[in-house]
Amino acid sequence: MKVNRAEFIISAVSPAQYPNTNLPEIALAGRSNVGKSSFINKMTNRKNLARTSSKPGKTQTLNYYKIEDKFYFVDVPGYGYAKVSKTERAKWGEMLETYFTKRETLKAAVCVVDFRHPPTQDDIQMYNFLKYYNVPVLVLATKADKIPKSKWNKHEKIAKEALDLDPSDRLIVFSSELGTGIDKVWNYIESII
Ligand SMILES: Nc1nc2c(ncn2[C@@H]2O[C@H](COP(=O)(O)OP(=O)(O)OP(=O)(O)O)[C@@H](O)[C@H]2O)c(=O)[nH]1
Ligand SMILES: [Mg+2]
């Protein structure tokens, strides 16, 4: 898909604020600072559509981006960020649970993991949570530019094994720096929306 139109729509916290257009949605899930917002920018060929930061915890709400009037990317706040209070964490959990379990227009979750390291306990938990609620998952192993290509196969195998990846779910190696994997991700998105 060649993206001509991509626009920020709303920062939502509760279902009343979700758009009611019935367009399909693809949500980004992953550890804070892993590269979810950078993924959205790379896919839409925009520098600053989704706010990115070297400081973790930038995305705090469900941020909706409408792509070509065809679907939404939903940027979801990341997990594993230490400096949040118990109350904030509980609010975050409730917001995600409501979204992932009840949103009928949700077509798939992109589970973003850091390709340099094995998936964390939080990554595994998020993946299992999505599987439990029957959300189709694309595992996006990002920051691939940070490791040599000769190690990609090994890292891919480790990631799939750690997640116990369902044969119906795909893993795509990605880099927001180099654009690695963009075409594969577009093919995936176009096949599900
Ligand atoms: N080298 C490299 N750096 C990346 C890549 N993707 C993201 N980054 C960097 O990682 C940092 C975090 O990226 P974000 O996209 O803001 O991460 P996020 O997952 O949206 O983080 P939160 O909003 O805090 O949940 C930024 O400094 C990005 O430039 C990548 O593919 N390669
Ligand atoms: Mg973000």
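Residues numbered from 1 in each chain as written. Chains lettered and ligands numbered in written order. Predicted model: local features only at pLDDT ≥ 70, side-chain atom pairs only at ≥ 80, totals over all residues.

Chemist: Explain the overall build of the protein to me, please; I cannot follow it from the model alone.
Modeler: Within the protein, the regular secondary structure consists of five helices and seven strands. For the protein, the succession of helices and strands along the chain, N to C, is β-β-α-β-β-α-β-α-β-α-β-α. Its C-alpha atoms give the protein a radius of gyration of 16 Å, within 12% of the compact-globule value 16 Å for 193 residues. With respect to the three principal axes, the spread of C-alpha positions in the protein is 45 × 40 × 35 Å. With 193 residues in all, the protein has 36% of them scored as buried. (Helix = DSSP H or I, 4+ residues; strand = E, 2+ residues; numbered from the N terminus. Rg over C-alpha atoms; globule rule 2.2 N^0.38 Å. Buried ≥ 20, exposed ≤ 12 C-beta atoms within 10 Å, placed from the backbone.)

Chemist: Any chance you could explain the environment of Leu-130 here in plain terms?
Modeler: If you trace the backbone, Leu-130 turns up in helix H3 (residues 121-132). Among residues more than four places away in sequence, those in contact with Leu-130 are Phe-100, Ala-109, Cys-111, Val-135 and Val-137. (Contact = placed C-beta atoms within 7 Å.)

Chemist: Explanation requested: the sheet that holds strand E2 (residues 25-30) in the structure shown.
Modeler: The strands that make up a sheet are held in pairs by hydrogen bonds between backbone atoms, and each pair lies either parallel or antiparallel. Spatially, seven strands are ordered E1-E3-E4-E2-E5-E6-E7 in an open sheet, and the strand pairing comes out mixed. Edge positions in the sheet fall to strand E1 (6-12) and strand E7 (170-173), since each has one partner strand and no second. Neighbour to neighbour, the strand axes of the sheet diverge by 25° on average, direction disregarded. In the packing of H3 onto the sheet, contacts are made with E2, strand E5 (106-114) and strand E6 (137-142), and the angle to E5 comes to roughly 165°. (Pairing = 2+ DSSP bridges. Axes fitted to C-alpha atoms, helices over the stretch in contact; angles between N-to-C directions.)

Chemist: Would you mind going over the environment of Lys-102 with me for this structure?
Modeler: As for its placement among the helices and strands, Lys-102 is situated in helix H2 (residues 86-102). Remark: the alpha-carbon pair of Lys-102 and Ser-32, spanning 70 residues in sequence, is separated by 23 Å.

Chemist: How should the nonpolar core be read in this particular structure?
Modeler: Soluble globular proteins tend to pack their nonpolar side chains together in the buried interior. In this structure, Leu-28, Cys-111 and Leu-140 are the most contacted members of the largest nonpolar core, which totals 45 residues. Among the elements that take part in this core, E5 stands out by supplying seven residues, more than any other. In this structure, Cys-111 is in contact with Ala-29, Gly-30, Met-126, Tyr-127, Leu-130, Val-137, Leu-138, Val-139 and Leu-140, ignoring residues within four places of it in sequence. (Core = buried A, V, L, I, M, F, W, Y, C linked by C-beta atoms within 7 Å.)

Chemist: Got a minute to help me understand the pairing of strand E4 (residues 71-75) in this structure?
Modeler: Look at any regular strand and the pattern is simple: side chains alternate between the two faces of the sheet. Taking burial as the measure, the five residues of E4 include five buried ones, the bulk of the element. In E4, alternate side chains face the same way, and those of Phe-71, Phe-73 and Asp-75 on one face and Tyr-72 and Val-74 on the other are all buried. Note that E2 and E4 share four bridges and pair parallel. Paired with Ala-27 across the two strands is Val-74, which belongs to E4. Across five bridges, strand E3 (residues 62-67) lies against E4 in antiparallel orientation.

Chemist: How should I be thinking about helix H1 (residues 36-44) in this particular structure?
Modeler: For an α-helix, the turn length of 3.6 residues means that residues three or four places apart are oriented alike. Most of H1 sits inside the fold, with eight of its nine residues counted as buried. Residues of H1 that are buried include every one of Lys-36, Ser-37, Ser-38, Phe-39, Ile-40, Lys-42, Met-43 and Thr-44, and no others. Just downstream of H1 lies Asn-45, where phi reads positive at about 60°.

Chemist: What should I look at first to understand helix H4 (residues 152-163) in this one?
Modeler: Given a rise of 1.5 Å per residue, 12 residues ought to cover 16 Å, and the 17 Å separating the end C-alpha atoms of H4 matches this to within 8%. Among the residues trailing H4, Asp-164 stands out with phi positive, at a value near 55°. (Expected span 1.5 Å × (residues − 1).)

Chemist: Even after reading the chapter, I still don't get unusual backbone geometry, so can you show me in this structure?
Modeler: Across the chain, the bulk of peptide bonds are trans and the bulk of non-glycine residues have phi less than zero. Phi is positive for Asp-69, close to 55°, though the residue is something other than glycine. Looking at the secondary structure, you find Asp-69 in the loop between E3 and E4. Of note, Asp-164 is a non-glycine position whose phi angle comes to about 55°, a positive value. With respect to the helices and strands, Asp-164 occurs in the loop between H4 and E7. Residue Asp-164 is classed as exposed on the basis of its C-beta count, with 10 C-beta atoms lying within 10 Å.

Bear in mind that shape data such as this cannot, by itself, settle questions of function.
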